Amino acid sequence: MLGAAVLLSGCQTLGVDVYEPSLRPSNTPQTAEKAGASDPRTRIGADQHPRIIASYGGEFRDAKTERLVARIVGALTLVSENPQQAYRITVLNSPAVNAFALPGGYLYVTRGLLALANDASEVAAVLSHEMAHVTANHGIERQRREQEVELAGQVAEELFSDSLAGRQVLARGKLSLAAFSRNQELQADVIGVRMLGEAGYDPFAAARFLESMNANQRFGAVDPDADASLDFLASHPNPPQRVELAKNHARAFGQEGVGDRGRDYYLDGIDGLLFGDSPNEGYVRGNEFLHPVLGVRFAVPDGFRIDNQAEAVLATGPRDLAIRFDGVTDKGRQSLATYIASGWVTGLDESSIRETRIGGLPAATARASADKWDFDITVIRIKDRIYRFLTAAPLGSNDLAATASVIRSGFRKMSSSEIKALKPLRIRIVTASASDTLTSLSARMRGVERKVELFRLLNALSPGQTIKAGQRVKIVTDQ
């Protein structure tokens, strides 16, 4: 009744702005944590939440993006299996394409997934799938099943030692757990598509976005050493039949074209979304790595691909060459020769240690060999930080010295003007003109390679599909 009274009082002053609301936000608002405080499942999610945040580069805090995702979750909650379930949705500051849920209503989606999606219904398809895991208690059930399989494995080892019978028991347990997980995924698919349709979204979005994620995986697979552990499909098995099953479930709501895609408000919501690496992690620009916070940059040889990971920067090249870059704090200011010899390098040839200067900075180099690999170690000091390059090549390779030389010659401190000029990449929404083509629009992208392929991927364009005048599309740029 209070809401109705407030509404009526506003209508009685039609056209006259004199109403002053007497209601104020509560100082103790109801939150997802409070709503489920008595539920042990919420405590499981709350315990794991900090670990998830740390693993994915922290939370991505952007009011526009958070409102967009909250709008989608709110619509889905009304038609979920348990409308009383409270949810906490977190956008993770990661370029990986991933989404998942924890018991107690903790939902996570990466900004990388938001960049790949082309409308609200596609994000709703992912989130409804994850919400289905929550309402079906899949996390709890899987944990229980894993404990059962682990216990059975321990018993088998004790009873059968390393016999064939023992290995068969362990194999059956793993197969059972895999089948159990697949069944959970298929069950979540069914529930998720139903939620999509009942919320008024396009129910075919689930199948459509599965295809986009497959395309994204193929795009990234150009690097044979790419780490897919943070990819959505790594934990969500996706046989070809799964797309067709999702379409079959969607047909219960009608033929393709039914439901709202929410494309325009979605594109408005992600315009300006951070794309790729965040400033605190440094940027990859072609064959260069630049870190504006640390104030350093270096280049890798042509033909190498850089992978900027949380714990280190990795680069892989032809003929099994690899480079690792990271940094450590050394407040003791020991000599760099002493530091190299302090025990962190396996197979070190101490006679090879040489102190030198790189880019005007104190440095030291050395060689090591272990297993089937030769290593070049280069360390460089800037104040109380030691930056480390570990270049690896197959034993006896003639490429090691040349590769390490390129790394050393390309490392230097960034100038203040370079740091100021370096901008993060963002998703920008542009409207195609009558003269625009796929080639002209992809040429407007900056800071990325394989521009045409990436443009097709981000806009879910199939081979042969063209751009129409007035069509809104995504590009990546630092402007």
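Reading the values: the criteria
Residues numbered from 1 in each chain as written. Predicted model: local features only at pLDDT ≥ 70, side-chain atom pairs only at ≥ 80, totals over all residues. Heavy atoms only, no water. Helix = DSSP H or I, 4+ residues; strand = E, 2+ residues; numbered from the N terminus. Polar contact = N/O pair within 3.5 Å; in protein donor to acceptor, adjacent residues only side chain to side chain. Salt bridge = Lys/Arg side-chain N within 4 Å of Asp/Glu carboxyl O. Buried < 20%, exposed > 50% of the residue type's maximum accessible area, 1.4 Å probe, protein only. Core = buried A, V, L, I, M, F, W, Y, C linked by side-chain atoms within 4.5 Å. Contact = heavy atoms within 4.5 Å. 1 Å grid on protein atoms, 1.4 Å probe; cavity = no way out; pocket = protein on both sides within 12 Å on 5 of 7 lines; lining within 4 Å. Points joined across faces, edges and corners; volume = space filled by probe spheres on them. Nonpolar A, V, L, I, M, F, W, Y, C, P; charged D, E, K, R; others polar. Phe/Tyr/Trp six-rings, centres within 6.5 Å; stacked < 30°, edge-to-face > 60°. Lys NZ or Arg CZ within 6 Å of the ring centre and 35° of its normal. Axes fitted to C-alpha atoms, helices over the stretch in contact; angles between N-to-C directions. Parallel < 35°, antiparallel > 145°, perpendicular 65-115°, else oblique. Left-handed = near helix turned anticlockwise from the far one by under 90°. Pairing = 2+ DSSP bridges.

**Structural notes on the side chain of serine 442**
Part 1 of the argument: For serine 442, the position within the fold is in helix α16 (residues 438-443).
Part 2 of the argument: Looking at serine 442, its side chain comes within polar contact range of the main-chain oxygen of leucine 438, at 2.9 Å.
Part 3 of the argument: Among the polar contacts made by the side chain of serine 442, one reaches the main-chain carbonyl oxygen of threonine 439 at a distance of 3.0 Å.

**Things to note about the pattern of salt bridges**
Part 1 of the argument: Counted according to the given criterion, the structure contains 24 salt bridges.
Part 2 of the argument: One salt bridge connects glutamate 122 with arginine 208, and the closest N-O pair in it is separated by 3.0 Å. Of this pair, glutamate 122 sits in helix α6 (residues 120-135) while arginine 208 sits in helix α9 (residues 205-220), and the two are 86 residues apart along the sequence.
Part 3 of the argument: According to the relative accessible area criterion, arginine 208 is buried, its value standing at 17%.
Part 4 of the argument: Arginine 446 is the salt-bridge partner of aspartate 478, the closest N and O atoms lying 2.6 Å from each other. Taken together, the positions of aspartate 478 in the segment after β17 (472-477) and arginine 446 in the loop between α16 and α17 (451-458) put the pair 32 residues apart, joining distant regions of the chain.
Part 5 of the argument: Within the structure, one salt-bridge network assembled from shared partners comprises Asp119, Glu122, Asp202, Arg208 and Arg261.

**Looking at the nonpolar core**
Part 1 of the argument: One finds Tyr266, Phe275, Ile427, Leu454, Phe455 and Val476 to be the most contacted residues of the largest nonpolar core, which totals 68 residues.
Part 2 of the argument: In terms of residue count, the dominant contributor to this core is α6 (9 residues).
Part 3 of the argument: Not counting residues up to four positions away in its chain, the partners in contact with phenylalanine 275 are Arg111, Ala115, Leu425, Arg426, Ile427, Val448, Leu454, Leu458 and Val476.
Part 4 of the argument: Of all hydrophobic cores here, the second largest spans 22 residues; its members include Phe304, Val313, Ile382 and Leu400.

**Focus: empty space enclosed by the protein**
Part 1 of the argument: A full pass over the atoms with the stated rule returns 1 cavity of 30 Å³ or more.
Part 2 of the argument: Within this model, the largest cavity holds a volume of roughly 150 Å³.
Part 3 of the argument: Along the wall of the largest cavity there are 16 residues; nearest its centre are Ala125, His129, Asp189, Ala206 and Leu210.
Part 4 of the argument: Of all elements in the fold, only α6, α8 (164-198), α9 and α11 (240-250) reach the threshold of two or more residues within the lining of the largest cavity.
Part 5 of the argument: Here the residues of the lining of the largest cavity are counted per class, giving 11 nonpolar, 3 polar and 2 charged.

**Comments concerning the packing of aromatic side chains**
Part 1 of the argument: Counted under the stated rule, the structure contains 12 aromatic pairs.
Part 2 of the argument: Centre to centre, the rings of phenylalanine 100 and tyrosine 108 are 5.1 Å apart; their planes meet at 25 degrees, and the pair counts as stacked.
Part 3 of the argument: An aromatic cluster is present here, built from Phe289, Phe298, Phe325, Tyr387, Phe389 and Phe411 joined pairwise through their rings.
Part 4 of the argument: Positioned over the ring face of tyrosine 265 is arginine 71, at 3.5 Å from the centre of the ring.
Part 5 of the argument: Positioned above the aromatic ring of tryptophan 344, the side-chain terminus of arginine 388 is 4.6 Å from the ring centre.

**Topic: the packing of α9 against α17**
Part 1 of the argument: Two elements in contact, α9 and α17, have axes separated by 10 Å at closest approach and are oriented at 160 degrees. With respect to α17, the element α9 is oriented roughly antiparallel. Note on packing geometry: the crossing formed by α9 with α17 is left-handed. Taking contact as the criterion, the partners of Ser212, Ala215, Asn216 and Phe219 in α9 are, on α17, Glu453, Leu454 and Leu457.
Part 2 of the argument: Of the residues belonging to the contact of α9 with α17, the class tally is 4 nonpolar, 2 polar and 1 charged.

**Thoughts on the sheet that holds strand β6 (residues 288-291)**
Adjacent strands of a sheet form backbone hydrogen bonds with each other and so pair up, either parallel or antiparallel.
Part 1 of the argument: Overall, antiparallel pairing links the 4 strands, which are arranged β5-β6-β7-β15 in an open sheet. The open sheet is flanked by β5 (283-285) and β15 (412-413), the only strands paired with a single partner.
Part 2 of the argument: When β5 meets β6, the two strands line up antiparallel, connected through 3 bridges. What sits directly across from tyrosine 283, in β6, is leucine 290.
Part 3 of the argument: Together, β7 (296-299) and β15 form the strand contacts of helix α14 (residues 400-410), whose direction differs from that of β7 by roughly 150 degrees.

**Quick look at the pairing of β17**
Part 1 of the argument: Counting buried positions along β17 gives 5 out of 6 residues, so the element sits mostly inside the fold.
Part 2 of the argument: Of the strand pairs in this sheet, strand β16 (residues 425-431) and β17 are connected by 6 bridges, and their pairing is antiparallel. Paired with threonine 431 across the two strands is arginine 472, which belongs to β17.

**Notes on the side chain of glutamate 122**
Part 1 of the argument: Judged by its relative accessible area of 2%, glutamate 122 falls in the buried class.
Part 2 of the argument: A distance of 2.9 Å separates the side chain of glutamate 122 from the backbone nitrogen of asparagine 118, its partner in a polar contact.
Part 3 of the argument: Beyond its immediate chain neighbours, meaning those up to four positions away, glutamate 122 contacts Ala117, Ala205, Arg208 and Phe209.

Everything listed here is a matter of coordinates, which is why it stays silent on function.
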